[in-house]
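The chain contents come next:
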Amino acid sequence: MAEKVLVTGGAGYIGSHTVLELLEAGYAPVVVDNFHNAIRGEQHSFTAVIHFAGLKAVGESVQKPLDYYRVNLTGTIQLLEVMRAHGVKNLVFSSSATVYGNPRYLPLDEAHPTGGCTNPYGKSKFFIEEMIRDLCQADKAWNAVLLRYFNPIGAHASGCIGEDPQGIPNNLMPYVSQVKEKGKEGGGPRLEGYSWCQGPGKT
């Protein structure tokens, strides 16, 4: 029987790609989009958890910081408590390159200092990383990986899953893609200081 892996936020952009990769690797992923309401009712025995669930818009986090701290921090604490209660101690956490704050050097690498976050979203990710480190320090049976990335893009080779958000996207590349497509149609939104297929400051 295939090993089961719980994927929180598995219906999201990165989560859906991860679920597909897990399936192709022979695992049995179980997706939960809101573990606060659902995880206690799950009737599965997991060997690991991949944690993508949470709020993720930098700009919105500045406007609604308490929402980001409540959902991201409290949600992760609840997940970790449930994992501990059921003896599941293998975790992959979807963090963010925002934990580095303003870069001291480029390109960024894992040796770069963290914690100089410039927004509540980044701070929530940094605080979660610290919680996971403390947990692993207190209990050596825990195995955790912290994934840090910035604006992941692309679609699956099948073309069946990708990112096409409704409304104004929160990430750079989907926004640029929408501007490109609407620019081709005419009258679409424009990046500040740019017009489609022309350089900065040109009209």
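Provided above is the structure to which this section pertains.
Here the structure is a predicted model, which means the values were calculated and not measured.

Turning to the pattern of salt bridges, a few remarks are in order. If you walk through the whole model with that rule in mind, you get six salt bridges. Between Glu-129 and Arg-133 there is a salt bridge whose closest N-O contact spans 3.4 Å. Of this pair, Glu-129 and Arg-133 are both found in helix H5 (residues 120-138), four residues apart, which corresponds to roughly one turn of the helix. The exposure class of Arg-133 is partly exposed, given its relative accessible area of 35%. Across the pair Arg-148 and Glu-129 runs a salt bridge whose closest N-O atoms are separated by 2.7 Å. Of this pair, Arg-148 sits in the loop between strand S5 (143-147) and helix H6 (172-185) while Glu-129 sits in helix H5, placing them 19 residues apart in sequence. It is possible to trace a salt-bridge network through shared partners that takes in Glu-129, Glu-130, Arg-133 and Arg-148.

Counting residues in hydrophobic clusters, the biggest one holds 16 residues, and the most contacted among them are Leu-6, Val-49, Leu-80, Met-83, Leu-91 and Ile-132. Contributing elements (two or more residues each) for this core: strand S2 (28-32), strand S3 (46-51), helix H4 (65-85), strand S4 (90-94) and H5. In terms of residue count, H4 provides more of this core than any other element does, four residues in total. Setting aside anything within four residues of it in sequence, one finds Leu-91 in contact with Val-49, His-51, Leu-80, Met-83, Ile-132, Asn-143, Ala-144 and Val-145.

Cut-offs applied
Residues numbered from 1 in each chain as written. Predicted model: local features only at pLDDT ≥ 70, side-chain atom pairs only at ≥ 80, totals over all residues. Heavy atoms only, no water. Salt bridge = Lys/Arg side-chain N within 4 Å of Asp/Glu carboxyl O. Helix = DSSP H or I, 4+ residues; strand = E, 2+ residues; numbered from the N terminus. Buried < 20%, exposed > 50% of the residue type's maximum accessible area, 1.4 Å probe, protein only. Core = buried A, V, L, I, M, F, W, Y, C linked by side-chain atoms within 4.5 Å. Contact = heavy atoms within 4.5 Å.

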